[in-house]
Amino acid sequence: MSNLRPENRIKAVLFDLDGTLLRAQMREFIPRYLRALSAYCTDIVAPEKFEKTLLEIIRDLIHTEGDGLRTNEERVYSKMQRDLAIPESRMRESLALFEQNDLNGLQHFIHPIPLAKQIVRNCHEAGVPLVLATNPVFPMFMIRARVQWAELEEDSFAFMTSYENSYYCKPQSGYFEGIAAQLNVAPENCLMVGNDINHDLAAVATGMKTYLVDTWLIDRDGPEWPCANRGDHSSLQKFLREELNC
């Protein structure tokens, strides 16, 4: 039986992706992505400068508050034009070529978590809206590919964040508030599930409940957010079964 009062029931669950619903070698994944993408702009900028600049832009999305007016995608294109003189049309073309030719080369950095697959399936079957709340610093095709490689069903999620549809990033409050508004669910009735102490637990600033999955814990420098619920994937499954009757 749930420990939450009726007015505090969980009505939507937000799942982080990397380290939560899949195992990811992101220290190898991101550099390989940047290196492959840079190959399509060598006539404009040296690969090393392209990689360094785009990585800085990705970090800036996370560390600089969004304005709520420009999507993260628009911010990326604007800064690539400003810093490297690469126009949006060329970046779109390069990303399309990367998706066609290089994307599948990243698959071996991603590994499914069988229990995570079952958790998502159970929550979906219980009729609770689910959000794939991965930090939206990549295009949607990168999100969908990782979902597929993790052997998850895209249809399980009512919404998946990517840089095309997001104006903020974790740990910014606007990121979590935007998702709640998209679902038409009060933040207090949302549960954020993730393995990042700084990025995922920041949801508590908006009133969301949180669950820290500590199987592959990420502990960054930053504010220490309170978290009432913590455990490995087995503990998470038990928690969700009790709270959602799934």
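Worth saying up front: this structure is predicted, and the values here are computed from it rather than measured. (Residues numbered from 1 in each chain as written. Predicted model: local features only at pLDDT ≥ 70, side-chain atom pairs only at ≥ 80, totals over all residues. Heavy atoms only, no water.)

Asks: Before we move on, could you go through the overall build of the protein and cite the residues and values that matter?
Replies: Counting its regular elements, the protein contains eight helices and eight strands. For 246 residues, the compact-globule estimate of 2.2 N^0.38 gives 18 Å, and the C-alpha radius of gyration of the protein, at 18 Å, lies within 12% of that figure. The principal-axis extent of the C-alpha atoms belonging to the protein is close to 60 × 35 × 30 Å. The proportion of buried residues among the 246 residues of the protein is 52%. The long-range share in the protein, meaning contacts at least 24 apart out of those at least 6 apart in sequence, stands at 69%. Split by element, the accessible area of the protein, about 11500 Å² in all, is 46% carbon and sulfur. Placing the 26 positive and 35 negative side-chain charges of the protein at their respective mean positions leaves the two points 2 Å apart. (Helix = DSSP H or I, 4+ residues; strand = E, 2+ residues; numbered from the N terminus. Rg over C-alpha atoms; globule rule 2.2 N^0.38 Å. Buried < 20%, exposed > 50% of the residue type's maximum accessible area, 1.4 Å probe, protein only. Contact = heavy atoms within 4.5 Å. Areas by Shrake-Rupley, 256 points an atom, 1.4 Å probe, with all protein chains shown as cover. Lys, Arg positive; Asp, Glu negative; His and termini not counted. Charge placed at Lys NZ, Arg CZ, Asp CG, Glu CD.)

Asks: Which residues make up the environment of Ala-39, and what are the values?
Replies: Mapped onto the elements, Ala-39 comes out in the loop between α1 (26–38) and α2 (47–63). By relative accessible area, Ala-39 is classed as partly exposed at 45%. For the pair Ala-39 and Phe-50, spaced eleven residues apart in the sequence, the C-alpha separation amounts to 9.2 Å.

Asks: Before we move on, can you summarise the layout of surface pockets with the specific residues and values?
Replies: Sizing a probe to match a water molecule and rolling it over the atoms shows the empty space that remains. In this structure, the largest pocket occupies an estimated 1000 Å³ of space. Surrounding the largest pocket, 32 residues form its lining, Met-26, Ile-30, Asp-196, Ile-218 and Arg-220 being those nearest its centre. Mapped onto the lining of the largest pocket, the elements with two or more residues apiece are β2 (22–24), α1 and α2. For the lining of the largest pocket, the residue count by class is twelve nonpolar, eight polar and twelve charged. (1 Å grid on protein atoms, 1.4 Å probe; cavity = no way out; pocket = protein on both sides within 12 Å on 5 of 7 lines; lining within 4 Å. Points joined across faces, edges and corners; volume = space filled by probe spheres on them. Nonpolar A, V, L, I, M, F, W, Y, C, P; charged D, E, K, R; others polar.)

Asks: Please provide a residue-by-residue account of the pattern of salt bridges, values included.
Replies: Two side chains with opposite charge may pair up if their charged atoms get near one another. Summed over all chains, the structure comprises 14 salt bridges. Between Asp-18 and Arg-146 there is a salt bridge whose closest N-O contact spans 3.0 Å. Within this pair, whereas Asp-18 is found in the loop between β1 (12–15) and β2, its partner Arg-146 is found in helix α6 (residues 140–149), the two being separated by 128 residues in sequence. Here Asp-18 and Arg-146 have matching classes, each one buried. (Salt bridge = Lys/Arg side-chain N within 4 Å of Asp/Glu carboxyl O.)

Asks: I'd like to hear about the environment of Ala-126, residue by residue, with values.
Replies: Structurally, the position occupied by Ala-126 is in the loop between α5 (114–125) and β4 (130–132). Ala-126 sits in the partly exposed class, given a relative accessible area of 35%. With sequence-adjacent residues up to four places away left out, Ala-126 is seen in contact with Leu-244 and Cys-246.

Asks: Before we move on, could you go through empty space enclosed by the protein and cite the residues and values that matter?
Replies: Counted by the stated rule, this structure contains one cavity of 30 Å³ or more. Reported here for the largest cavity is a volume of approximately 70 Å³. Taken together, Tyr-33, Leu-37, Leu-54, Ile-58, Val-76, Met-91, Leu-95, Val-137, Phe-138, Pro-139 and Tyr-163 make up the full set of residues lining the largest cavity. When contributions to the lining of the largest cavity are tallied by element, the ones reaching two or more residues are α1, α2 and α4 (88–101).

Asks: Help me get a handle on the sheet that holds β1, residues and values and all.
Replies: Here six strands make up an open sheet; going across it, the order is β5-β4-β1-β6-β7-β8 and the pairing parallel. Whereas interior strands pair on both sides, the edge strands pair on one side only; in this sheet they are β5 (159–160) and β8 (230–231). For β1 and β4, the ladder comprises three bridges, and the chain directions are parallel. In the sheet register, Leu-14 faces β4, and the bridge partner there is Val-131. Helix α7 (residues 173–183) contacts β1, β4, β5 and β6 (190–194) of the sheet and is inclined by roughly 140° relative to β1. (Pairing = 2+ DSSP bridges. Axes fitted to C-alpha atoms, helices over the stretch in contact; angles between N-to-C directions.)

Asks: Outline the environment of Gln-118, supporting the account with residue identities and numerical values.
Replies: The residue Gln-118 is located in helix α5 in this model. With relative accessibility at 29%, the residue Gln-118 sits in the partly exposed group.

Asks: Break down the nonpolar core for me, citing the residues and quoting the values.
Replies: It is characteristic of soluble globular proteins that their nonpolar side chains tend to be buried jointly. Within the largest apolar cluster, 63 residues are counted, with the highest numbers of intra-cluster contacts made by Phe-15, Phe-50 and Phe-98. By residue number, the principal contributor to this core is α6, which donates seven residues. When residues no more than four places from it in sequence are discounted, the contact partners of Phe-98 are Tyr-33, Ala-36, Leu-37, Tyr-40, Leu-103, Leu-106, Phe-141 and Met-142. By size, the runner-up hydrophobic cluster in this structure holds 16 residues, among which are Cys-190, Met-192, Ala-202 and Ala-203. (Core = buried A, V, L, I, M, F, W, Y, C linked by side-chain atoms within 4.5 Å.)

Asks: Tell me about the pairing of strand β7 (residues 209–213), and please be specific about residues and values.
Replies: When you tally the buried positions in β7, you get five out of five residues, the bulk of the element. Burial along β7 is two-sided: the residues Lys-209, Tyr-211 and Val-213 and Thr-210 and Leu-212 are all buried. Relative to β7, β6 runs parallel, the two sharing four bridges. Along β7, the bridge assignment pairs Val-193 with Tyr-211.

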